[in-house]
Amino acid sequence: MRFLKTGLSLFLTVALVYALNKGWNLGAPIPPLGKFLDPFHGFWQNAEGYRSGEHKLAIPGIKEEVTIFYDSAQIPHIYAKSDEDLYFTQGYITAIDRLWQMEFQTHAAAGRISEIVGPAALDFDRKQRRLGMVFAAENAVHAMESNETARMVVDNYTNGINTYISSLSYEDYPFEYKLLDYTPEPWSRLKSALLLKYMAQTLNMGEKDLEMTNALSLYGKEMVDLLWPDYEGVADPIVEQPGKWNFKPVEMASTPVQLPNETVALEPFEKSPPDVGSNNWTVAGSKTKTGSPILCGDPHLNLSLPSIWYAVHLWSPTVNVMGVSLPGSPNVIIGFNDSIAWSVTNAQRDLVDWYKIQFKDQSKSEYLSDSTWKPTRKVVEKFIRKGAAPFYDTVIYTHHGPVVYDESYHGGNESAHFAFRWIAHDASEELLTFVELNRASNHNDYMHALDHYGSPAQNFVFASASGDIAMRIQGKYPARRPEEGKYILDGTRTSEEWKAFIPNEQNVMYKNPERGFASSANQYPVDLTYPYYVNGSSFEAYRNRSINNVLREAKDVTVADMMKLQNDNYNLKAEESLPYFLSQLDPAAFSDTEKKAYEVLKGWDFFNNMDSQGASYYEAWWDALMPMIWDELDSAHVALKRPTTYQTIKLLKEKPDLQFFDLVSTPEKETSKEILRLSFTKGVSDIEAWKSKSGKDPGWAAFKDSYIGHLLRQEALSYHIVHGGNHDIVNAHSKTHGPSWRMVVSLEKGGPVAYGVYPGGQSGNPGSPYYNDMIELWTHGKYHRLHFGQLDEVKKFQSSSTTLTPGK
């Protein structure tokens, strides 16, 4: 009996040790709890206090001493004696704060999430590989390797990251590695390239080719032109200079584009929502109080923790620049130096085409191109899946690009196959753009830097201490015929392929416009005399006009004025639509709750401020209205895209009997008036249901319930925040998207005066006080002063410092 007890006790002990030191997947991955809960090595070790004091570290890989000062926001100010040491230290310091984020995002870009979380991520991973994300990154690496400067920058940055990784033991790992039970792997040039391509996927993979092909087949050309016009007629393009495009455009084929006549059964891949956009503008010294230009930028992205951006100040004998970087990529992406400032917004242009491919037979080894059978390239992708056997997928490449969908992957009932042509697949030199922008001292330098830039296409705003302001819409753009690329193209005809690109010097741009400011907010880019065809997934119509309305009238502009404009909650869409909406209602037929809502809306000042109930009722009404109008599209048997907000409101006013205002679910034939009445009732009902569930009054911030989620979508690591604004508003903060970095820079003669903030913190560690410490500032429209200058000047503002010395 005693031996039985001993044996049972030993068995239970061994079983417990085994269970606690093995990861499990019970619907969600569970880490080895013994390691994870170990008070000496587990997640407890990730609790951090505030950085303080002076530290000295001997680091193998650097050549001379490097000094890093951390200010109160924990922004590192890196002072190095050579560029090699500067980029090494940038990589090393960024990895200290953001290693897990950097690697997780590059795993996502490369289609490798299954390695971390198991088979549940396989579908996502296959999509990434089939879109050619690694193919695109490899082409970018080839461009890096062919340029000595780019190679120096990325290699030293990579070495810095790897030096930090090699110093880690399990107890030092960021929290998420322990939670998911895996280890960091060495950094590489490819990972930095993948990060840039991941941003291109977010910003420049928008298109509507399949949806427009279906719309053309179902509704005809006249209806497509009415619902989805290339140009909606709304004013205020980014650059407007009619008749002043003094260049000879690239010659294109005179034959019109051959329009398809078919429907496509494929369900297009998920695209970035319309909320992904940005604002930027610059005001000339003639309109500012100091006489110096002021530049502002706030890129709008999905808000997440760890934060998208990492603020940094880089100094060496060749560069002195400050702003934000993308963790995992060297340089400053948006920022300023002692001579210039710049920021970017998404250009929205269509840089994706789908080509219908005709294979010779079921082997798909050859495809037709101008009566010639060309060989395909077959790439076998291996997917390592945590807790499961590897999975293999074969992706077919044509000269257009990869065939994304087929019988084995989301092919549906589609018998045809389509190759994916994306500008980001091409080799490009974005890294060099930022190397040169970081060192630029004037407009000529800015122009030269942008000549390297291909993708994702962006609107680069510029200002200099010498007084110049400018805007350049830069990317590698195909020179298209009218309507080319709006629909699927015939992949058997080379006449349908991209023949030439718009020369850099013919891209949309101007310098020192007469109106005294330059601005962009994702709107239609240029006046209609520009000689090239311009098309995009959609263009913004409200933020740009709100910004320009303020800037046209502005005088003696100050930094505080520009901060106020970045946080402006005025809803121009509501101003232009709500009076008409209300005029279509019959108050005599209202219920008591509808009467109250009607009075609230009548008295609303059109500001989506945090406590505004009018904003809540309007947005609830709008959210009920759009599905009712476009129910035919939403319930169609093929993919279709809703018309834009601006076009929808225009049609409500001008085409009240349009066939789409008739509800599919009712026998009656509704007009815009009935649709507005029904959606108003639905919106009020939704507010009442929300009030009943929440027990709160419907102030806008509470009703919107904005959220900044951890990349792993873990509620405990995420935050609900109280903030105003919304999409279509200058303060473009919707539920999950918004200004990911707000920056205001006054380019003064004595040196730049700059401010910035983002909704998060410098640390990616949830156990750090610097994980979310800027959220409160951001929600209240406040900013950190960005201390910038020589070492002795910045030293005055330090909260701690670290000195790196050469080590073995």
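First things first, this report covers the structure right here in the doc. All of these numbers come straight from a predicted model, not from anything done at the bench.

**Structural notes on the overall build of the chain**
Here comes step 1: A count of helices and strands for the chain gives 23 helices and 30 strands.
Here comes step 2: In terms of overall size, the chain behaves like a compact globule, its C-alpha atoms giving a radius of gyration of 28 Å where 808 residues would be expected to give roughly 28 Å.
Here comes step 3: C-alpha extents for the chain along the principal axes are approximately 80 × 75 × 70 Å.
Here comes step 4: Across the 808 residues that make up the chain, the buried fraction comes to 60%.
Here comes step 5: Here the contacts in the chain between residues at least 6 apart in sequence split such that 72% fall between residues at least 24 apart.
Here comes step 6: Only carbon and sulfur atoms are counted for the fraction: they give 53% of the accessible area of the chain, which is about 31900 Å².
Here comes step 7: Averaging the coordinates of the 78 positive side-chain charges in the chain and doing the same for the 99 negative ones gives two points 3 Å apart.

**Focus on the packing of helix H15 (residues 572-583) against helix H17 (residues 613-629)**
Here comes step 1: Running from N to C, H15 and H17 cross one another at 75°; their axes reach a closest spacing of 12 Å. On the basis of their axis angle, the class for H15 and H17 is roughly perpendicular. Across from Lys 573, Ala 574, Ser 577, Leu 578, Phe 581 and Leu 582 in H15, the residues of H17 making contact are Tyr 618, Glu 619, Trp 621, Trp 622 and Leu 625.
Here comes step 2: Taken together, the residues of the contact of H15 with H17 sort by class into 8 nonpolar, 1 polar and 2 charged.

**What about unusual backbone geometry?**
Here comes step 1: Going from Leu 305 to Pro 306, the amide bond is cis rather than trans, its omega being -5°.
Here comes step 2: Looking at the element boundaries, Pro 306 is found in the loop between strand E8 (304-305) and strand E9 (310-316).
Here comes step 3: Positive phi, close to 50°, is recorded for Asp 370, a residue that is not glycine.
Here comes step 4: Among the secondary structure elements, Asp 370 is positioned in the loop between strand E14 (366-369) and strand E15 (372-375).
Here comes step 5: A residue is classified by how much of its surface remains accessible, and Asp 370, at 40% relative accessible area, is partly exposed.
Here comes step 6: In the Ramachandran plot, Glu 483 falls in the positive-phi region, its phi being about 70° despite a non-glycine side chain.
Here comes step 7: Overall, the relative accessible area of 15% leaves Glu 483 in the buried class.

**As for the environment of Pro 513**
Here comes step 1: Examined against the element boundaries, Pro 513 turns out to sit in the loop between strand E22 (509-511) and strand E23 (517-520).
Here comes step 2: Separated by 15 residues in sequence, Pro 513 and Leu 528 place their C-alpha atoms 18 Å apart.
Here comes step 3: Sequence-distant contacts of Pro 513, that is, excluding residues within four places in its chain, are made with Ile 469 and Ala 518.

**What about the packing of helix H3 (residues 83-110) against helix H7 (residues 148-166)?**
Here comes step 1: In the contact formed by H3 and H7, the axes pass within 7 Å of each other and the chain directions differ by 50°. Put simply, H3 runs oblique to H7. Seen from above, H3 lies across H7 with right-handed handedness. Residue-level inspection shows Asp 83, Glu 84, Tyr 87, Phe 88, Gln 90, Gly 91, Tyr 92, Thr 94, Ala 95, Ile 96, Leu 99 and Met 102 of H3 in contact with H7, the latter providing Met 152, Val 153, Asn 156, Tyr 157, Asn 159, Gly 160, Ile 161, Thr 163, Tyr 164 and Ile 165.
Here comes step 2: By residue class, the composition of the contact of H3 with H7 is 13 nonpolar, 7 polar and 2 charged.

**Let's talk about the pairing of E14**
Here comes step 1: Pairing analysis gives 4 bridges linking E14 to E15, with the strands arranged antiparallel. If you follow Leu 368 over to E15, its bridge partner there is Trp 373.

Scoring rules and cut-offs
Residues numbered from 1 in each chain as written. Predicted model: local features only at pLDDT ≥ 70, side-chain atom pairs only at ≥ 80, totals over all residues. Heavy atoms only, no water. Helix = DSSP H or I, 4+ residues; strand = E, 2+ residues; numbered from the N terminus. Rg over C-alpha atoms; globule rule 2.2 N^0.38 Å. Buried < 20%, exposed > 50% of the residue type's maximum accessible area, 1.4 Å probe, protein only. Contact = heavy atoms within 4.5 Å. Areas by Shrake-Rupley, 256 points an atom, 1.4 Å probe, with all protein chains shown as cover. Lys, Arg positive; Asp, Glu negative; His and termini not counted. Charge placed at Lys NZ, Arg CZ, Asp CG, Glu CD. Axes fitted to C-alpha atoms, helices over the stretch in contact; angles between N-to-C directions. Parallel < 35°, antiparallel > 145°, perpendicular 65-115°, else oblique. Nonpolar A, V, L, I, M, F, W, Y, C, P; charged D, E, K, R; others polar. Left-handed = near helix turned anticlockwise from the far one by under 90°. Pairing = 2+ DSSP bridges.

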